[in-house]
Amino acid sequence: MYSKECVETFLKQQGQLFDEPVAETYEEAEEFLEECMAVVVNNIKEVKEYLDESGMDVEGMSKEELLEASEIFSLPDGTYLIVEG
């Protein structure tokens, strides 16, 4: 379900969302993303829409402010992974 780049990015950068690692291996990271129903969106507009639908107050937030949110992971292909911790 998740691309290799997506899982690897989360595995390397999970510290931005969690104080301690939730996954040590690729397989654990993939399983964690599936369990928490992480979402991949295509652009920053979709990031904002997703966060708004999730109940976060995003009105007036800039792109930079949205990307600073700990649950947003920028992926190498220009998409975004959203992980709700």
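Residues numbered from 1 in each chain as written. Predicted model: local features only at pLDDT ≥ 70, side-chain atom pairs only at ≥ 80, totals over all residues. Heavy atoms only, no water.

Student: Help me understand the pattern of salt bridges, please; the structure alone is not making it clear to me.
Tutor: Side chains that carry opposite charge are capable of pairing whenever their charged atoms lie near each other. Tallied over the full model, the rule gives one salt bridge. Here Glu8 makes a salt bridge to Lys4, at a shortest N to O gap of 4.0 Å. Of this pair, Glu8 and Lys4 both sit in helix H1 (residues 4–13), separated by four residues, roughly a single helical turn. Accessibility expressed as a relative area gives 56% for Lys4, which makes it exposed. (Salt bridge = Lys/Arg side-chain N within 4 Å of Asp/Glu carboxyl O. Helix = DSSP H or I, 4+ residues; strand = E, 2+ residues; numbered from the N terminus. Buried < 20%, exposed > 50% of the residue type's maximum accessible area, 1.4 Å probe, protein only.)

Student: Looking at this model, I keep getting lost on unusual backbone geometry. Mind explaining?
Tutor: Leaving glycine aside, a negative phi is the common case for residues, and trans is the common case for peptide bonds. For Met37, which is not glycine, the phi dihedral falls at a positive 55°. Locating Met37 in the fold gives a position in the loop between helix H2 (26–35) and strand S1 (39–41). Met37 gets classed as exposed once you look at its relative accessible area, which sits at 65%.

Student: Before we go on, may I ask you to explain the nonpolar core in this structure?
Tutor: Phe10, Leu33, Leu81 and Val83 are the most contacted members of the largest nonpolar core, which has 15 residues in total. Residues Val41, Leu51, Ala69 and Ile72 belong to the second largest nonpolar core, which totals 10 residues. (Core = buried A, V, L, I, M, F, W, Y, C linked by side-chain atoms within 4.5 Å.)

Student: Just checking my understanding: could you explain the side chain of Thr9 for this structure?
Tutor: The topology assignment puts Thr9 in helix H1. A polar contact of 2.7 Å, which involves the side chain of Thr9, links it to the backbone oxygen of Glu5. The residues contacting Thr9, other than those within four sequence positions of it, are Ser74, Leu75 and Pro76. (Polar contact = N/O pair within 3.5 Å; in protein donor to acceptor, adjacent residues only side chain to side chain. Contact = heavy atoms within 4.5 Å.)

Student: Just checking my understanding: could you explain the sheet that holds strand S3 (residues 80–82) for this structure?
Tutor: Where strands meet in a sheet, backbone hydrogen bonds hold them as pairs that are either parallel or antiparallel. Read from one edge to the other, the open sheet built from three strands follows the order S1-S3-S2, with strand pairing classed as antiparallel. Single-partner strands in this sheet number two, and they are S1 and strand S2 (72–74). Pairwise comparison of adjacent strand axes, ignoring direction, gives a mean angle of 25° for this sheet. Both S1 and S3 contribute to a ladder of three bridges, which runs antiparallel. Residue Val41 lies in a different strand from S3, and its bridge partner there is Tyr80. In this fold helix H3 (residues 44–53) packs onto S1, S2 and S3, with an angle of close to 10° to the strand it touches most, S3. (Pairing = 2+ DSSP bridges. Axes fitted to C-alpha atoms, helices over the stretch in contact; angles between N-to-C directions.)

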